[in-house]
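Remarks on the overall topology
So the chains spell out like this:
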Amino acid sequence: MAPKNKKQKQDEQQTLTGAEIVLRALTDQGVDTVFGYPGGAVLPIYDAIYNQNSVEHVLVRHEQGAGHAAEGYARSTGKCGVALVTSGPGATNMVTPIADAMLDSIPMVVLTGQVPTHLIGTDAFQECDTVGVTRACAKHNYLVKDVNDLARVMHEAFYVATSGRPGPVVIDIPKDVQFASGDYCGPESVEHRTYQPRTEPKERRIEQALELMKSASKPIFYTGGGVINSGPEASKVLRELVAATGFPVTSTLMGLGAYPGEDEKFLGMLGMHGSYEANNAMHDCDVMICVGARFDDRVTGRLDAFAPNSKKIHIDIDPSSINKVVRVDVPVVGDCEKALKALLKGWKANKKKTPSLTEWWAQIEEWRARKSFAYPKSDKVVKPQYAIERLYELTKDRDDVYVTTEVGQHQMWAAQHFKFAEPNHWMTSGGLGTMGYGLPAAVGVQKAHPGALVVDIAGEASIQMCMQEFSTALQHNLPVKIFILNNEWMGMVRQWQQLLHGERYSSSYSDTLPDFVKLAEAMGGHGIQCSDPAKLDDALLEMINHDGPVIFDCLVEKAENCLPMIPSGAAHNEMILSEITGDEIDEDGKQLV
């Protein structure tokens, strides 16, 4: 460790209570917002919050909402989100967002209260083994039994959460530790002794990757959330590298926005509900450059048929992700930004003539002409795809639009039809697929970006999971917009039951739905309902221009399926496609009658 300067020694000489140490550490880490819910085991920390003005606390209505709000804040800013909950049920209610953040690599520090140290293990009131419960779904966790360890642990937690592959870190703090007095040390005097992730890629691996790229006649960039997590510069370098190489690029659900959605080199999202051209290009490619993605099952389909004739380059900061699912030819461990910069530099220095991509792009354009996201239009009922398209068209000229989603058909339609131009504007639950994520995530995004337009694209089933956080938005003057695509079904469940389970619709129909307009008004917000395609634009503009929280109940086609779709266990080139073909669609994407 480096020698301590005068300021560090002064910091260490300060004696504070454990609760005060928590707030001082948060301030020194640059935290301005904490999402939480009080309870007996964290009241000393809430008392410390009351006595300071540096960190603002946002009171949610359920601990799960605090975690997802912290995720939304983190995802839209690139900073570490922070949640604060009490012991026992407060901590267990946080397990879902912790697991969600872990799978989607979201930096988050979760502070949980714990019963006093002398009661640990006695089944005391509101006691649970938080470290044990969260061990399998957090990046790391701590139980702090000595107040003199608390400052170090706080600073270490932020370092672990944001370094390497980001993730959630849990700090469990007994109540007596919060009351006790101890020494405070600043972040400059804390260095993690064992966790030092590699960020610089090995030069030899970059050279190997470049050799494969130079020889490719059917290459493709396969990009994921790691590009976004690496920071905005990584997205800029990715765009430069695509322009320099002329390679096509596709993205996972989590990577949308890293590359402009309307650019001609972008093939759209790939995977289970990805585009025809993206999935076929992945299947037929001869060199795949995977950047910040992890070959999850929704992308690969049947593993033995995944890009069977390709050489694979995998760039990832997490060495445990390399060869975990798919064997690769060139593993590149390091930060995505640094690796992309090295590839760009090497490519520009290349004097060797590379194969022509004319035939490859001609084949891609053939697949693209199928217009796999096309759908039958209607002037009688709102098609869910049309609803997303109109929302996009009415907002695409703004640079302050942030979209969150719940999970289901609406989530996939949003990924297909909303064209994201920049990173950090798309927040969705990818790995865990958490219904209820979108509204609290929107609260976190709106708190981070007060003047922005934040829209939660939702389903009528998912939105009810964390509906109470609409009250949080109202209390804190956060004008989030909830855009519900209401088809009166658990849409994705119904679709799978129709296509894969013999149309046996077991418990997938929502037959006791609330009146969402009245619900919005009952909670003090604004409600809108629309079922007429001709009136949709006006209703959307009403939602967009309203200066407070809105619930928009958009009644859509009830039996619409989200296509294309790769059935579970199928290969990329075994997609279920819409019956609408490219020949039936005009240049504006409208169905020819």
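As shown above, the structure is provided for reference.
Model, not experiment: these values are computed from the prediction. (Residues numbered from 1 in each chain as written. Predicted model: local features only at pLDDT ≥ 70, side-chain atom pairs only at ≥ 80, totals over all residues. Heavy atoms only, no water.)

1. A word on the overall build of the protein chain
- Within the protein chain one finds 23 helices and 20 strands.
- For the protein chain, with 593 residues in total, the buried portion stands at 59%.
- For the protein chain, contacts bridging at least 24 residues in sequence account for 76% of all contacts bridging at least 6.
- Surface summary for the protein chain: the accessible area is close to 23,800 Å², and the carbon and sulfur share equals 48%. (Helix = DSSP H or I, 4+ residues; strand = E, 2+ residues; numbered from the N terminus. Buried < 20%, exposed > 50% of the residue type's maximum accessible area, 1.4 Å probe, protein only. Contact = heavy atoms within 4.5 Å. Areas by Shrake-Rupley, 256 points an atom, 1.4 Å probe, with all protein chains shown as cover.)

2. Focus: the pattern of salt bridges
- Considering all chains together, one arrives at 22 salt bridges under this definition.
- In this structure, R298 engages D297 in a salt bridge whose closest nitrogen and oxygen atoms are separated by 3.5 Å.
- A residue is classified by how much of its surface remains accessible, and D297, at 55% relative accessible area, is exposed.
- A network of salt bridges, in which partner residues are shared, links D149, R152 and E156. (Salt bridge = Lys/Arg side-chain N within 4 Å of Asp/Glu carboxyl O.)

3. Considerations on the pairing of strand β14 (residues 330–333)
- The side-chain alternation of β14 yields two buried faces, one formed by V330 and V332 and the other by P331 and V333.
- Relative to β14, strand β13 (residues 311–316) runs parallel, the two sharing 4 bridges. What sits directly across from D316, in β14, is V333. (Pairing = 2+ DSSP bridges.)

4. So, the sheet that holds strand β18 (residues 481–486)
- An order of β16-β15-β17-β18-β20-β19 is seen for the 6 strands of this open sheet, with the pairing classed as parallel. What marks the edges here is a single partner per strand, and that holds for β16 (426–427) and β19 (526–530).
- Direction of pairing for β19 relative to strand β20 (residues 550–555): parallel, over a ladder of 5 bridges. Across the sheet, the residue bridging to C530 is C554, located in β20.
- Each of β15 (401–405), β16, β17 (453–459) and β18 touches helix α18 (residues 409–417); the most contacted strand, β17, lies at about 135° to it. (Axes fitted to C-alpha atoms, helices over the stretch in contact; angles between N-to-C directions.)

5. Remarks on the packing of aromatic side chains
- In the structure shown here, the tally under the stated rule is 14 aromatic pairs.
- Plain terms: the ring middles of F221 and F247 are 5.6 Å apart, the flat faces sit at 40° to each other, and that makes the pair tilted. With F221 in strand β9 (residues 219–223) and F247 in the loop between α12 (232–245) and β10 (249–251), this pair connects stretches of sequence that are 26 residues apart.
- What makes F247 buried here is its relative accessible area of 2%.
- Among the aromatic residues, those joined into a ring-pair cluster are Y392, F418, F420 and W426.
- If you follow K377 out to its NZ or CZ, it ends over the ring of Y375, 3.8 Å from the centre. (Phe/Tyr/Trp six-rings, centres within 6.5 Å; stacked < 30°, edge-to-face > 60°. Lys NZ or Arg CZ within 6 Å of the ring centre and 35° of its normal.)

6. Some words on helix α15 (residues 336–348)
- Helix length check: α15, at 13 residues, gives a terminal C-alpha distance of 18 Å against a target of 18 Å (1.5 Å per residue), a fit within 8%.
- Those residues of α15 lying buried are C336, E337, A339, L340, L343, L344, G346 and W347.
- Taken together, the buried residues of α15 touch α10 (203–215), α11 (225–229), α12, β12 (287–291), β13 and β14.
- Two or three places before E337, at the start of α15, stands the capping residue D335, its side-chain oxygen 3.1 Å from that residue's backbone nitrogen. (Expected span 1.5 Å × (residues − 1). Polar contact = N/O pair within 3.5 Å; in protein donor to acceptor, adjacent residues only side chain to side chain.)

7. Focus on the nonpolar core
- If you look at the biggest cluster of nonpolar residues, it comprises 91 residues, and the most contacted ones within it are I313, F483, M543 and F552.
- Tallying contributions element by element places α15 first for this core, with 6 residues. (Core = buried A, V, L, I, M, F, W, Y, C linked by side-chain atoms within 4.5 Å.)

8. Looking at the side chain of H57
- Along the chain, H57 falls in strand β3 (residues 56–59).
- A distance of 3.5 Å separates a polar atom in the side chain of H57 from the backbone nitrogen of G36.
- Side chain to side chain, H57 and Y46 meet in a polar contact 2.8 Å long.
- Beyond its immediate stretch of four places on either side in the chain, H57 contacts V34, F35, G36, Y37, Y46, I49 and H476.

9. So, the packing of helix α2 (residues 18–28) against helix α8 (residues 147–162)
- Look at α2 against α8: their axes get within 10 Å of each other, and the N-to-C directions meet at 25°. As summarised for this structure, α2 and α8 are arranged roughly parallel, according to the angle between their axes. Where α2 crosses over α8, the handedness of that crossing is right-handed. Each of G18, I21, V22, A25, L26 and D28 in α2 lies in contact with α8, whose residues at this interface are V147, L150, A151, M154, H155 and F158.
- For the contact of α2 with α8, the class distribution of residues is 9 nonpolar, 2 polar and 1 charged. (Parallel < 35°, antiparallel > 145°, perpendicular 65-115°, else oblique. Left-handed = near helix turned anticlockwise from the far one by under 90°. Nonpolar A, V, L, I, M, F, W, Y, C, P; charged D, E, K, R; others polar.)

10. Focus on the pairing of β15
- For β15, the tally of buried residues reaches 5 of 5 residues, placing the bulk of the element in the interior.
- A two-sided burial pattern is seen for β15, the buried positions comprising V401, V403 and T405 on one face and Y402 and T404 on the other.
- The pairing of β15 with β17 spans 5 bridges and is classified as parallel. Within the sheet, the bridge partner assigned to V401 lies in β17 and is L453.
- In the sheet, β15 pairs with β16 via 2 bridges, with the strands oriented parallel.

11. Let's talk about helix α21 (residues 491–500)
- Taken together, the buried positions of α21 are G491, M492, R494, Q495 and Q497.
- Along its buried surface, α21 packs onto α18.
- Note on α21: the residue one or two positions beyond its end, G502, has a positive phi of about 60°.

12. Considerations on the sheet that holds strand β6 (residues 140–143)
- Here we have 6 strands laid out as an open sheet, ordered β3-β2-β4-β5-β7-β6, and parallel in their pairing. Because the sheet does not close on itself, it has two edges, and the strands there are β3 and β6. Across the sheet, the mean angle separating the axes of adjacent strands is 20° when strand polarity is ignored.
- Seen against the sheet, α8 touches β4 (81–85), β5 (108–114), β6 and β7 (168–174) and runs at an angle of roughly 165° to β7.

13. Looking at unusual backbone geometry
- L563 connects to P564 through a cis peptide bond whose omega is 5°.
- Mapped onto the secondary structure, P564 falls in the segment after β20.
- Phi at F295 is positive, roughly 55°, even though this residue is not glycine.
- As for its position among the elements, F295 is in the loop between β12 and α14 (297–300).
- The residue K371 is not glycine, and still its phi comes out positive at about 50°.
- Among the secondary structure elements, K371 is positioned in the loop between α16 (358–368) and α17 (384–395).
- According to the relative accessible area criterion, K371 is partly exposed, its value standing at 30%.

By themselves, these observations are geometric and do not establish any function.
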